[in-house]
Amino acid sequence: MYTYIMSHVENKLFYVGVTNNIKQRVFDHKNATFETHVGKFNIKQLVWFEIHDNPTEAIKREKLIKKWKREYKINLIESINPDWNDLAEDWDFTGFITNKERFK
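These lines cover the structure that appears in this document, whether it is placed above or below. It should be emphasised that the depicted structure is a prediction, and the values quoted were computed from it without experimental measurement.

**Digging into the overall build of the protein**
Here is step 1: When you go through the protein residue by residue, the secondary structure sums to 5 helices and 3 strands.
Here is step 2: Beginning at the N terminus, the succession of helices and strands in the protein can be written as β-β-α-α-β-α-α-α.
Here is step 3: For 104 residues, the compact-globule estimate of 2.2 N^0.38 gives 13 Å, and the C-alpha radius of gyration of the protein, at 13 Å, lies within 12% of that figure.
Here is step 4: Dimensions of the protein along its principal axes, counting C-alpha atoms only, are 40 × 35 × 25 Å.
Here is step 5: When each of the 104 residues of the protein is scored for burial, the buried share is 38%.
Here is step 6: Surface exposure of the protein reaches about 6600 Å², of which carbon and sulfur atoms provide 50%.

Okay, here's the thing in structure tokens:
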């Protein structure tokens, strides 16, 4: 399980989430449409994530981070990613399909 933060780097807008398939979830975010929060605010860069042994631990961490002040989230991201690079930039998404295609 993963807890992760997606961001619009220039505006430092965040989306904190949890997933059991980080690659699929990041693909979904990167292909989000304007109708979604992520799509509307262009929150499409993976800037932080951590791996957990079980779903309960991941969800607990997600809820904790969501309550944090903006400054704490920025510090967390910059502790592992000071340049705010897209950690999924080099990931191969070949074969992944969008939510729209998946739920036809």
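The discussion continues.
**A word on the pattern of salt bridges**
Here is step 1: Tallied over the entire structure, the rule returns 3 salt bridges.
Here is step 2: One salt bridge in this structure joins lysine 30 and aspartate 86, with 2.5 Å as the shortest N-O distance. Of this pair, lysine 30 sits in helix H1 (residues 22–30) while aspartate 86 sits in the loop between helix H4 (70–80) and helix H5 (99–102), placing them 56 residues apart in sequence.
Here is step 3: Judged by its relative accessible area of 25%, lysine 30 is partly exposed.
Here is step 4: With its nearest N and O atoms 3.2 Å apart, the salt bridge here joins glutamate 62 to lysine 66. Separated by 4 residues within a single helix, glutamate 62 and lysine 66 lie in helix H3 (residues 55–67), roughly one turn from each other.

**Section: the nonpolar core**
Here is step 1: In this structure, Tyr2, Tyr4, Met6, Ile22, Val26, Phe27, Ala32, Val38, Ile43, Leu46, Ala88 and Phe93 together form the largest nonpolar core, which totals 12 residues.
Here is step 2: Mapped onto this core, the elements with two or more residues apiece are strand S1 (2–8) and H1.
Here is step 3: Ignoring anything within four residues of it in the chain, the contact list for tyrosine 2 reads Gly17, Val18, Thr19, Asn20, Ile22, Phe49, Glu50, Ile51, His52 and Ala58.
Here is step 4: Among the nonpolar cores identified, the runner-up in size contains 11 residues, and Ile5, Val9, Phe14 and Trp84 belong to it.

The rules we used
- Residues numbered from 1 in each chain as written.
- Predicted model: local features only at pLDDT ≥ 70, side-chain atom pairs only at ≥ 80, totals over all residues.
- Heavy atoms only, no water.
- Helix = DSSP H or I, 4+ residues; strand = E, 2+ residues; numbered from the N terminus.
- Rg over C-alpha atoms; globule rule 2.2 N^0.38 Å.
- Buried < 20%, exposed > 50% of the residue type's maximum accessible area, 1.4 Å probe, protein only.
- Areas by Shrake-Rupley, 256 points an atom, 1.4 Å probe, with all protein chains shown as cover.
- Salt bridge = Lys/Arg side-chain N within 4 Å of Asp/Glu carboxyl O.
- Core = buried A, V, L, I, M, F, W, Y, C linked by side-chain atoms within 4.5 Å.
- Contact = heavy atoms within 4.5 Å.

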